[in-house]
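# Survey of secondary and tertiary structure
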Amino acid sequence: MPFISAPAKIVEIIDFAPGEIRAVRLKLPDDVEVKARPGNAFWLKLFGKASGRLEMRTYSFSSNPRSPIIETVVSKAAENPNTSWAFQEFLSGTELEARISEQNGKKSLFINPRKDLELEPDDWWQDKKFLFYGLGTGVTPHLSAIRYMAEKGMNVNVIYVSSSKLMRRLIFHDELENTQKRFPQNFRYLPFLTRENPETLKEWKYFTGRPTVEALTKLIPDISERHLRICGGKGTRKNLEKEANKFKINFPGVKTEEW
Ligand SMILES: Cc1cc2nc3c(=O)[nH]c(=O)nc-3n(C[C@H](O)[C@H](O)[C@H](O)COP(=O)(O)OP(=O)(O)OC[C@H]3O[C@@H](n4cnc5c(N)ncnc54)[C@H](O)[C@@H]3O)c2cc1C
């Protein structure tokens, strides 16, 4: 299939840890439709700082995916960063290329064919219990689902576990605290910090260390009734399932995306 693209202009940047993690909002042309569900991802062509050439990369939506503005969260890869390094230096106004599809003259944003974390139709997830588990930028697809569910009125029960190395690397922390305040019956936010200096932790009212199954079973008594959605680096699911086996936890459903 030929690569067709449309300009995706950075219209807003939210730096969490400057040079390390940021959210970007991209504006697509008005004639490009976004037909996607939370959990989907899109493709961008952008310059690689290490390779010095144009590269194609995939990004999950962190926003409720809709036209004309889409959002994602990108962190600089820990090893051999390339496009993710360039991403930290883009300025507002930078134009990237988004892959699109064209059918019968109608343009739409190309959606990554693998849809591992795609949120089911609304009548499926209403009244179910979820555990969203995101390590680092692995929270990105979960954010999209949370924002979508919040907009819909959220007849659902979600526990959102995130893990960040340091306080400054927390992603949309204030918004998630507010969502918890707005929907106390439906949403619990459990962020973990793995490498923060104890001195700076005095004002931290959440958790430290890794979000292990052992730690989670203490915080979430009904953990084995929850549909587990995992997003993180390679091996995240295997580790989590190995630990869950030790505690004889069988989740009713597990879906994963690893990158
Ligand atoms: C479905 C999906 C959704 C994604 N969503 C996001 C998102 O929301 N946010 C985000 O930040 N990233 C996301 N990614 C990852 C993203 O596409 C990029 O891979 C990431 O930003 C790093 O890009 P890079 O060009 O700097 O490094 P890359 O060249 O993509 O490399 C990434 C890492 O993999 C290692 N690596 C590369 N090639 C190999 C190889 N052949 N063998 C072993 N290791 C290798 C590198 O050392 C580096 O540490 C997603 C990926 C997928 C598949």
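The preceding data block contains the structure.
All of these numbers come straight from a predicted model, not from anything done at the bench.

On to the site of the ligand, then. Near the ligand you find 18 residues, and of these Val73, Glu79, Asn82, Thr83 and Ser84 are the closest. Ser75 is positioned with one of its backbone polar atoms (N or O) 3.3 Å from an oxygen atom of the ligand. Within the contact set of the ligand, an oxygen atom lies 2.6 Å away from a side-chain nitrogen or oxygen of Ser84. Relative to its free-state accessible area of 950 Å², the ligand is covered by the protein chains to the extent of 63%. Elements with a contribution of two residues or more to the shell around the ligand: strand S5 (54-60), strand S6 (69-75) and helix H1 (83-87). For the shell around the ligand, a count of residues per class yields five nonpolar, 10 polar and three charged.

Strands sit in the order S12-S11-S10-S9-S13-S14 across an open sheet of six strands; the sheet is parallel. Edge positions in the sheet fall to strand S12 (207-208) and strand S14 (254-258), since each of these pairs with one other strand and no more. Two elements, strand S9 (residues 129-135) and strand S10 (residues 157-164), share seven bridges in a ladder whose sense is parallel. The residue bridging Tyr133 from the neighbouring strand is Val161, located in S10. The strands touched by helix H3 (residues 140-152) are S9, S10, strand S11 (187-193) and strand S13 (227-232); relative to S9, the strand with the most contacts, the crossing angle is about 145°. The strands that helix H6 (residues 236-246) touches are S9, S13 and S14; relative to S14, the one it contacts most, it runs at about 145°.

Definitions and cut-offs
- Residues numbered from 1 in each chain as written.
- Predicted model: local features only at pLDDT ≥ 70, side-chain atom pairs only at ≥ 80, totals over all residues.
- Heavy atoms only, no water.
- Near = heavy atom within 4 Å.
- Polar contact = N/O pair within 3.5 Å; in protein donor to acceptor, adjacent residues only side chain to side chain.
- Areas by Shrake-Rupley, 256 points an atom, 1.4 Å probe, with all protein chains shown as cover.
- Helix = DSSP H or I, 4+ residues; strand = E, 2+ residues; numbered from the N terminus.
- Nonpolar A, V, L, I, M, F, W, Y, C, P; charged D, E, K, R; others polar.
- Pairing = 2+ DSSP bridges.
- Contact = heavy atoms within 4.5 Å.
- Axes fitted to C-alpha atoms, helices over the stretch in contact; angles between N-to-C directions.

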